[in-house]
Protein chains: 2
Amino acid sequence: MNPKRIVIVGGVAGGASCATRCRRLDETAQIVVLERGPYVSFANCGLPYYVGGVIEEESKLLLASEALFRDRFNIEVRTRHEAVAIDREKREVEVRELATGRSYRESYDALVLAPGASPVRPPLPGIDLPGIFVLRSVPDSREIRAWIEAKQAKSAVIVGGGFIGLEMAENLVGRGLSVKVVEMLQQVMPPLDPEIAQPVQEHMESRGVTMALGDGVAGFETNEAGQLIVKTQSGAAHAGDLVILAIGVRPETALAKAAGLQLGERGGIRVDDQMRTSDRSIWAVGDAVETQDVVTGQATLIPLAGPANRQGRIAADVICGRDSHFRGVQGTAVCGVFGLAVASTGASEKALRRAGVTDYEKIYVHPAHHVGYYPGAKPIHLKLIFRKSDGRILGAQAVGEADVARRIDVIATALQFGGTVYDLEEAELCYAPQFGGAKDPVNYAGMVASNALRGDNPLADWSEIGSTEALLLDVRDPDEFAAGHVPGAVNLPLNQIRARMGELPKDRALWTYCGVGQRAYYATRILLQSGRDAKNLPGGMRTYRQIALSSRGA
Amino acid sequence: MNPKRIVIVGGVAGGASCATRCRRLDETAQIVVLERGPYVSFANCGLPYYVGGVIEEESKLLLASEALFRDRFNIEVRTRHEAVAIDREKREVEVRELATGRSYRESYDALVLAPGASPVRPPLPGIDLPGIFVLRSVPDSREIRAWIEAKQAKSAVIVGGGFIGLEMAENLVGRGLSVKVVEMLQQVMPPLDPEIAQPVQEHMESRGVTMALGDGVAGFETNEAGQLIVKTQSGAAHAGDLVILAIGVRPETALAKAAGLQLGERGGIRVDDQMRTSDRSIWAVGDAVETQDVVTGQATLIPLAGPANRQGRIAADVICGRDSHFRGVQGTAVCGVFGLAVASTGASEKALRRAGVTDYEKIYVHPAHHVGYYPGAKPIHLKLIFRKSDGRILGAQAVGEADVARRIDVIATALQFGGTVYDLEEAELCYAPQFGGAKDPVNYAGMVASNALRGDNPLADWSEIGSTEALLLDVRDPDEFAAGHVPGAVNLPLNQIRARMGELPKDRALWTYCGVGQRAYYATRILLQSGRDAKNLPGGMRTYRQIALSSRGA
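Residues numbered from 1 in each chain as written. Chains lettered and ligands numbered in written order. Predicted model: local features only at pLDDT ≥ 70, side-chain atom pairs only at ≥ 80, totals over all residues.

(A) A look at the overall build of chain A. Looking only at helices and strands, one finds 16 helices and 30 strands in chain A. For chain A, whose C-alpha radius of gyration is 26 Å, the value lies close to the compact-globule estimate of 24 Å for 554 residues. C-alpha atoms of chain A, sized along the principal axes, occupy 90 × 65 × 40 Å. Considering chain A as a whole, with its 554 residues, one finds that 55% of them fall into the buried category. Pairs at least 24 apart in sequence give 64% of the contacts found in chain A among residues at least 6 apart. (Helix = DSSP H or I, 4+ residues; strand = E, 2+ residues; numbered from the N terminus. Rg over C-alpha atoms; globule rule 2.2 N^0.38 Å. Buried ≥ 20, exposed ≤ 12 C-beta atoms within 10 Å, placed from the backbone. Contact = placed C-beta atoms within 7 Å.)

This is the structure in structure tokens:
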């Protein structure tokens with residue numbers, strides 16, 4: 001039997017993982033990696049930090065070289081070689097050597113497409129002006145650095161308030177630039193629900209970043225001072241010495257499409273759970289493919305390194321005769337900006353609504369990342385979304401200065417197992433004063449959610465406080481109430497409820513709230529057991545503020 | 001129907017949780033908490049940090065007052081009231097008011113015992129000398145502080161190298177004392193396996209703490225300088241201006257025992273999974289009870305705040321007519337010393353051996369807590385123990401300077417669900433350069449374990465390197481080999497194995513190792529596919545060093 005010939009198009013996360021795993025499973029295979037760019041296996045996710053100078057040397061971004069692939073793995077990597085066409089019948093790839101323009105054909109037994117995704121560059125007036133950058137490759141980041149240095153740039157406009165946009169904002173501020181973020185939505189971090197994005201926006205503004213939300217870009221110009229002008233649909237003009245386009249990525253499907261491979265409803269390459277395309281000799285992995293969201297069951301595009309690597313491994317397994325299957329994606333992600341972390345796993349509330357899911361409930365908690373009596377406790381603002389019918393975890397989002405990824409990782413793990421909020425309630429997690437609480441933030445979230453599902457703590461919805469007939473009952477102390485409260489609420493401190501029960505109307509629902517939700521829960525318990533129709537507005541004033549500020553818009 | 005009368009003995013973690021949950025579930029119950037000490041609901045776990053001055057004010061340790069229990073929860077807390085006997089037939093507790101000596105009886109419908117555990121004070125010569133302290137209560141910590149200040153203490157001997165002993169060592173060093181730890185075992189942190197405890201010991205020594213391991217205490221004396229002398233079984237004498245006894249705690253069972261309640265094999269109060277004792281009207285929770293270890297199935301004493309709180313809630317549920325069940329304990333715990341964290345969940349290898357379990361395997365990994373190209377990456381030394389027959393997670397231990405609790409929390413959560421190493425391999429966790437890797441340390445551990453179970457990476461055992469006939473193959477580069485290697489090993493760098501295969505003996509097993517295990521895995525794959533009998537020594541030189549240093553002893 002001849003050795004198997006495996007050709008892999010794309011040599012970064014998924015492609016590189018696939019290539020090395022193929023070698024580990026098949027010492028005799030011939031493995032060729034074709035990479036259009038100048039580098040194999042570079043640190044995509046580190047690019048903003050290289051632009052910012054946090055990562056000082058470009059060489060740190062290069063995780064492996066062609067020589068390493070050759071010497072360690074006996075894999076032939078050809079950088080600056082682009083796969084331009086697939087002849088599926090002959091099982092050949094047409095390749096162009098970019099340095100020379102020479103074309104040649106490469107035959108395969110198994111072909112893996114790992115072309116990634118390319119930054120979206122909308123065809124707007126002025127889009128090709130010098131000084132407008134995307135950030136996806138090492139050369140991209142080198143060009144941005146060079147421009148900043150050459151122009152002695154003092155200001156930047158970032159178009160797009162997602163992960164890359166915010167990371168770039170932090171890094172450009174770190175280089176001393178004044179930064180404005182222009183985002184079409186009314187919030188930063190589009191994958192998150194707006195009330196969780198709100199603290200991120202607030203934190204960035206506190207560090208001097210200007211936000212222009214709810215306004216789409218209409219075009220680009222330059223002014224006499226040599227600055228770039230970002231013109232928006234509302235008619236505003238934002239000037240900066242450079243512009244970063246960070247409005248998302250689009251799967252690279254040209255090659256697959258031209259070869260007649262099936263694409264999915266979201267525009268990515270369609271694959272089965274063994275990462276196989278509609279051609280049984282062709283696999284696809286990484287940012288270019290659609291996979292299944294494990295929560296909503298829908299096809300999804302998740303341009304993240306973790307799933308890309310795992311998909312690469314699974315494609316390699318299957319190519320080498322193993323029966324491995326990809327489990328789908330949860331979309332677990334984290335982003336850090338100016339010392340604040342925001343992380344999520346599973347479905348957001350808006351994703352559930354988009355998917356037509358109505359069987360869900362949500363709670364908010366704001367516990368400290370470790371016990372309050374140990375110095376340095378920082379709050380974590382956590383939203384947990386779960387099925388109303390059975391308590392199954394659907395998603396979680398959290399924002400805070402410390403140990404946010406840890407709590408989302410725990411919930412992500414529980415979600416992976418199909419866990420419920422009752423499982424979170426009982427989770428046995430690390431505790432010492434510097435590291436958490438006897439009731440961890442995850443336990444708290446699980447308890448509040450479980451209390452709601454058991455009927456011990458029925459939840460009201462903040463979105464209805466303007467229209468409800470219920471009496472809004474602020475159970476904090478009078479000084480807290482005086483310092484700010486929900487319009488229309490009356491104050492009855494928790495500790496006085498038993499004695500002053502008679503003052504409360506008997507014919508009206510009572511919606512309680514406090515600072516973060518705990519006292520309102522106690523109040524709700526007292527009221528319910530006294531025969532009143534009581535509910536709790538989850539997360540208290542802290543959540544109210546996040547919702548109010550996020551719905552107020554830009 | 002008369003209101004239910006609930007009496008709770010002990011007002012700290014489990015007792016306080018039980019009392020307040022009883023109130024939330026039953027507004028009409030009469031709830032009385034009897035607490036022998038002066039405080040209810042104090043921060044036990046914060047005591048070392050109050051001694052060390054990290055927590056500056058004693059008031060921070062007092063999480064709730066008698067007034068708060070009364071005003072918020074309508075619960076009567078009587079501090080300095082000791083339950084001295086139980087009349088089970090009459091359902092009455094005999095109580096002594098410590099301030100006056102007065103005795104009285106308190107009747108109950110439900111009695112909850114949450115007396116906690118008391119520090120072990122072995123009956124050794126000199127044990128009652130002034131200056132020998134335990135640390136379990138706010139007055140204990142106050143006395144230690146007063147002694148240090150009054151004597152202007154410069155040195156301390158800590159007897160016991162467990163959690164409290166090490167936390168005290170850090171805090172006393174923080175106050176400028178020179179500290180010696182005397183521990184009977186050959187390792188610190190007795191619940192952990194020695195090779196995971198070794199980096200903790202090394203780190204503490206690097207901060208100036210002296211260790212006297214493998215030596216039991218024989219007695220105490222004083223010298224002319226007014227110092228205390230800790231005399232050991234080996235004949236050594238360790239002098240210090242004070243002595244902290246931190247050799248563990250013993251469940252407080254006197255009251256239960258005198259009342260004829262059944263005790264368990266480990267000496268704790270026996271309870272069912274509803275926290276009920278052998279008397280159907282009496283519950284027990286917290287450090288005084290035995291619960292079931294979910295991994296070994298054995299009865300265990302776990303004096304930890306998290307389980308205590310959850311047990312308190314469950315007892316309250318059952319008392320109030322709900323069908324709640326305690327799931328048992330995993331023993332998830334973390335300890336921080338001088339910026340190093342060490343954490344564990346599930347069974348240690350020695351616990352499995354003690355329990356007679358042989359169906360297990362273990363791996364070691366040493367990944368950085370986040371990607372290496374982002375500044376500040378710190379290694380995590382992680383041991384994962386799993387069932388050989390089906391990959392089920394049995395336990396994990398980790399030590400490192402950053403994000404250790406996070407990884408153990410993830411594995412603890414997977415363990416809670418009966419997860420396997422294959423689940424860890426596929427876990428979708430938070431990743432951004434500051435927060436992890438595209439392959440998280442947990443993924444790495446899962447992959448290495450899965451590779452072993454699939455036969456892709458058969459594991460050799462470090463404990464057999466002295467006796468094996470196998471050739472030890474160091475696949476690192478020559479300069480690494482020259483800087484130190486396993487005695488008897490020969491060097492063949494990974495990248496040369498394919499070319500120099502012929503130099504390797506064909507009739508001999510090959511045990512590969514490298515720095516941390518990755519290159520040896522690649523080498524093992526090449527060798528296995530070339531028909532050789534190859535295994536990998538897991539965790540490489542780093543693990544070898546931990547094992548060698550920990551088995552060398554004090």
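So, next bit.
(B) Fine view of the relation of the copies chain A and chain B. Between chain A and chain B, the superposition needs a rotation of 180 degrees and an axial shift of 0.0 Å, giving an RMSD of 0.0 Å. Those values place the two copies in the arrangement expected of a two-fold rotation axis. When the interface residues of chain A are mapped onto chain B, 100% of them again fall at the interface, so both copies present the same face. (Least-squares fit on C-alpha atoms with pLDDT ≥ 70 in both.)

(C) View of unusual backbone geometry. Despite not being glycine, A:Asn74 has its phi angle at roughly 55 degrees, a positive value. Positionally, A:Asn74 belongs in the loop between α3 (66–73) and β3 (76–79). The phi angle at B:Met189 is positive, at roughly 50 degrees, despite the residue not being glycine. Turning to its location among the elements, B:Met189 is positioned in the loop between β11 (178–183) and α6 (194–206).

(D) How the structure looks around the sheet that holds strand β16 (residues 242–245) of chain A. Residue and element names in this part refer to chain A. Taken in spatial order, the five strands make up an open sheet running β9-β16-β10-β11-β12, and their pairing is parallel. Looking at strand neighbours, the two that pair on one side only are β9 (132–133) and β12 (210–213), the edges of this open sheet. Sheet topology note: the strand β10 (residues 155–159)/strand β11 (residues 178–183) ladder contains five bridges and is parallel. When the sheet's bridge partners are listed, Val157 is paired in β11 with Lys180. Strands in contact with helix α5 (residues 163–174) are β10, β11 and β16; relative to β11, the strand with the most contacts, it is inclined by about 165 degrees. (Pairing = 2+ DSSP bridges. Axes fitted to C-alpha atoms, helices over the stretch in contact; angles between N-to-C directions.)

(E) Representation of the pairing of β16(A) in the model. All names here are of chain A. In β16, alternate side chains face the same way, and those of Leu242 and Ile244 on one face and Val243 and Leu245 on the other are all buried. Sheet topology places β9 next to β16; two bridges connect them, and they run parallel. When the bridges of β16 are listed, Ile132 appears paired with Val243. Across four bridges, β10 lies against β16 in parallel orientation. Paired with Val157 across the strands is Val243, a residue of β16.

(F) Here's a closer look at the interface of chain A and chain B. Between chain A and chain B, the contact holds 66 residues from the first and 66 residues from the second. Looking at the side of chain A that touches chain B, the elements with two or more residues in it are α1 (13–25), α3, α8 (305–319), β22 (333–337), β23 (340–346), α10 (404–416), α11 (421–426) and α15 (518–529) of chain A. Considering every element that reaches the side of chain A that touches chain B, the biggest residue donor is α10(A), with nine residues. Tallied by class, the residues present in the side of chain A that touches chain B amount to 36 nonpolar, 15 polar and 15 charged. (Nonpolar A, V, L, I, M, F, W, Y, C, P; charged D, E, K, R; others polar.)

(G) The packing of helix α1 (residues 13–25) of chain B against helix α8 (residues 305–319) of chain B, seen in detail. Residue and element names in this part refer to chain B. Axis separation between α1 and α8 bottoms out at 7 Å; the angle between their running directions is 35 degrees. Relative to α8, the crossing made by α1 is right-handed. When α1 is examined against α8, the residues Ala13, Gly14, Gly15, Ser17, Cys18, Arg21, Cys22 and Leu25 are found in contact with a partner set consisting of Ala305, Ala308, Asn309, Gln311, Gly312, Arg313, Ala315, Ala316, Asp317 and Ile319. The class makeup of the residues in the contact of α1 with α8 is nine nonpolar, six polar and three charged. (Left-handed = near helix turned anticlockwise from the far one by under 90°.)

(H) The environment of B:Ser206, seen in detail. Tracing the backbone shows B:Ser206 in helix α6. Taking the C-alpha atoms as reference points, B:Ser206 and B:Phe338, 132 residues apart in sequence, are found 9.8 Å from one another.

(I) Just the domain arrangement of chain A, in detail. Domain annotation for chain A reports domain 1 (5–44 + 53–116 + 250–319), domain 2 (132–247), domain 3 (339–453) and domain 4 (462–537). Taken over C-alpha atoms, the centre of domain 2 of chain A sits 43 Å from the centre of domain 4 of chain A. (Domains from an automatic or database assignment.)

(J) Quick peek at α1(A). Over its 13 residues, α1(A) runs 18 Å from end to end, which matches the ideal 18 Å to within 8%, given 1.5 Å per residue. Of all 13 residues in α1(A), 12 are buried; the element is thus mostly enclosed. Among the residues of α1(A), A:Ala13, A:Gly14, A:Gly15, A:Ala16, A:Ser17, A:Cys18, A:Ala19, A:Thr20, A:Arg21, A:Cys22, A:Arg23 and A:Arg24 are the ones counted as buried. Those residues of α1(A) that are buried lie in contact with β1 (5–9), β2 (30–35), α3, β7 (110–113) and α8 of chain A together with α14 (518–529) of chain B. (Expected span 1.5 Å × (residues − 1).)

(K) Geometry of the packing of α10(A) against helix α10 (residues 404–416) of chain B. In contact at an axis separation of 9 Å, α10(A) and α10(B) are set at 15 degrees when each is read in the N-to-C sense. In terms of orientation, α10(A) lies roughly parallel with respect to α10(B). As α10(A) runs across α10(B), the sense of the crossing is right-handed. The residues of α10(B) that touch α10(A), namely those facing A:Ala405, A:Arg406, A:Asp409, A:Val410, A:Thr413 and A:Ala414, are B:Ala405, B:Arg406, B:Asp409, B:Val410, B:Thr413 and B:Ala414. (Parallel < 35°, antiparallel > 145°, perpendicular 65-115°, else oblique.)

(L) Main features of the sheet that holds strand β15 (residues 237–240) of chain B. All names here are of chain B. Read from one edge of the open sheet, three strands run β13-β14-β15, paired in antiparallel fashion. Each edge of the open sheet is held by one strand with a lone partner, namely β13 (217–222) and β15. Strand-to-strand twist of the sheet, defined as the mean angle between neighbouring strand axes without regard to direction, takes the value 20 degrees. Where β13 lies against strand β14 (residues 228–232), five bridges are found, and the strand directions are antiparallel. If you follow Phe220 over to β14, its bridge partner there is Val230.

(M) Layout of the confidence of the model for chain A. Of the residues in chain A, 99% have a pLDDT of 70 or more, and the chain-wide mean is 96. Note on the complex model: pTM 0.97, ipTM 0.97. (pLDDT = per-residue confidence, 0-100.)

(N) Examining the environment of B:Ala398 more closely. All names here are of chain B. One can find Ala398 in strand β26 (residues 393–400). On the neighbour-count criterion, Ala398 (29 C-beta atoms within 10 Å) is buried. It is 30 Å that separates the C-alpha atoms of Ala398 and Glu56, two residues lying 342 residues apart in sequence. If we skip the residues at most four places from it in the chain, Ala398 touches Ala343, Ile380, His381, Leu382, Val404, Arg407 and Ile408.

(O) Region of the structure containing α14(B). Residue and element names in this part refer to chain B. For α14, spanning 12 residues, the distance from its first C-alpha to its last is 17 Å, which sits close to the expected 16 Å at 1.5 Å a residue. Among the residues of α14, Arg519, Ala520, Tyr521, Tyr522, Ala523, Thr524, Arg525, Ile526, Leu527 and Leu528 are the ones counted as buried. Positioned one or two residues after α14, Gly531 has a phi angle of 85 degrees, which is positive.

(P) Structural context of the environment of A:Phe435. Of note, A:Phe435 is situated in the loop between α11 and α12 (441–453). Taking the number of C-beta atoms within 10 Å as the measure of exposure, A:Phe435 has 26 and is therefore buried. Along the sequence, A:Phe435 and A:Val371 sit 64 residues apart, while their C-alpha atoms lie 8.0 Å from each other. Dropping the residues within four chain positions of it, A:Phe435 is found in contact with A:His370, A:Cys430, B:Val334, B:Gly336, B:Ala341 and B:Ala405.

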